[in-house]
Amino acid sequence: MFNFARATGLGAVAALSLGISAATSEAATVYATSVDNYTQGTGVKAPRDVTNNALGAPDGSFLSLGLGGSAVFSFGALFQTPGVLYEVTYNIGKKGAHVETADLYAGIGGVFTYIGSILNTDAQAGAAFTFGGFFDQLMIVDTSSKPQSVDGFDIDAVGVTPAPVPLPAGGLLLLSALGAAAAVRRRKA
């Protein structure tokens, strides 16, 4: 005999499980969608000052921070670790030439926390960085010095991992499944 309440409860649990696994499996890297603040440092010349060049996936276009400059990036939602930063520096193989560095800060609600430093030679093919917690902005501050750098750290792209999105409908589905399971047990007793 087919037990509708039991089948409904088990189906709800299965659907919830699939929903949770789908949400976590889709947690791929997302790239910056906006530059919320750009404080241009010294040495930057057009077109290296175009903020849109640092948005999206790495494509060879870049934004120069300039010596002492900074940029604050948003990603359209809360994010978590890990992250990746791509930098573009030409003639990097020249001994001692174009050494550029930057500090990274993760922020939420306008409050930023230092998460580490990065060297341009490490970020040419994308340098991973990690941090703890959930944030809504990432700030990159150039810490390069002359004569090794002319226009500071050059950002091609910055990506992060989106924070998991809670499934409110999934919670209701779980409660209904538990209620159905309790009804089945009560009926048997």
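Described below are features of the structure shown in this document. No experiment lies behind these values; they were computed from the predicted model shown.

Definitions and limits used
The residue count restarts for each chain, going from 1 along the sequence in the order it is written. In view of the model being predicted, local features appear only for residues whose pLDDT reaches at least 70, and side-chain atom pairs are presented and counted only at 80 or more, with totals across whole chains, interfaces and linings using the full set of residues. Water and hydrogen atoms play no part in the side-chain values, which are based on all heavy atoms of the structure. Strand pairing follows a simple DSSP-based rule, namely that at least 2 bridges must link the two strands. Secondary structure counts use DSSP, requiring at least four H or I residues in a row for a helix and at least two E residues in a row for a strand, with both numbered from the N terminus. The pairing test for Phe, Tyr and Trp rings, Trp by its six-membered ring, is centres within 6.5 Å, and the orientation test on the planes gives stacked under 30 degrees, edge-to-face over 60, and tilted for anything in between. Burial here depends on accessible area, computed with a 1.4 Å probe over protein chains only, as a share of the maximum for the residue type. Under 20% is buried, over 50% is exposed, and the range in between is partly exposed. Among buried residues, those of type Ala, Val, Leu, Ile, Met, Phe, Trp, Tyr and Cys that are joined through side-chain atoms within 4.5 Å constitute a nonpolar core. The contact criterion used throughout is that any non-hydrogen atoms of two residues lie within 4.5 Å.

### Quick look at the pairing of strand β5 (residues 101–108)
Consecutive residues of a regular strand have side chains that alternate between opposite faces of the sheet.
Then, number 1: Bridging between β5 and strand β6 (residues 111–119) involves eight bridges; their strand directions are antiparallel. Note that in β6 the partner of Thr101 across the bridge is Leu119.
Then, number 2: Hairpin connection from β5 to β6: two residues lie between these consecutive antiparallel strands, with Gly109 at a positive phi of about 60°.
Then, number 3: In this sheet, strand β8 (residues 135–142) lies alongside β5 in antiparallel orientation, the contact comprising six bridges. Directly across from Asp103, in β8, lies its bridge partner Val141.

### Notes on the packing of aromatic side chains
Then, number 1: All chains considered together, the criterion is met by six aromatic pairs.
Then, number 2: Centre to centre, the rings of Phe79 and Phe135 are 6.5 Å apart; their planes meet at 40°, and the pair counts as tilted. On the criterion of sequence distance, the pair formed by Phe79 in strand β4 (residues 70–87) and Phe135 in strand β8 is long-range, its members being 56 residues apart.
Then, number 3: Given the relative accessible area of 10%, Phe135 is considered buried.
Then, number 4: An aromatic cluster is present here, built from Phe75, Phe79, Phe129, Phe131 and Phe135 joined pairwise through their rings.

### Comments concerning the nonpolar core
Most often, soluble globular proteins keep nonpolar side chains buried together rather than apart.
Then, number 1: Counting residues in each nonpolar core, the largest one holds 26 residues, and the members touching the most others are Phe73, Leu85 and Val158.
Then, number 2: Among the elements of the structure, β4, β5, β7 (127–129), β8 and β9 (154–162) are those that each provide at least two residues to this core.
Then, number 3: In terms of residues, this core owes the most to one element, β4, which gives five residues.
Then, number 4: Those residues in contact with Val158, other than ones at most four positions away along the chain, are Val30, Tyr31, Ala32, Ala54, Phe73, Phe75, Val84, Leu85, Phe129, Leu138 and Ile140.

### Comments concerning the pairing of β8
Then, number 1: Summarising burial for β8: six of the eight residues are buried, a large majority.
Then, number 2: As paired strands, β4 and β8 are joined by six bridges and run antiparallel to one another. Pairing of Phe73 across the sheet is with Leu138, part of β8.

These results come straight from atomic positions and should not be treated as a statement about function.
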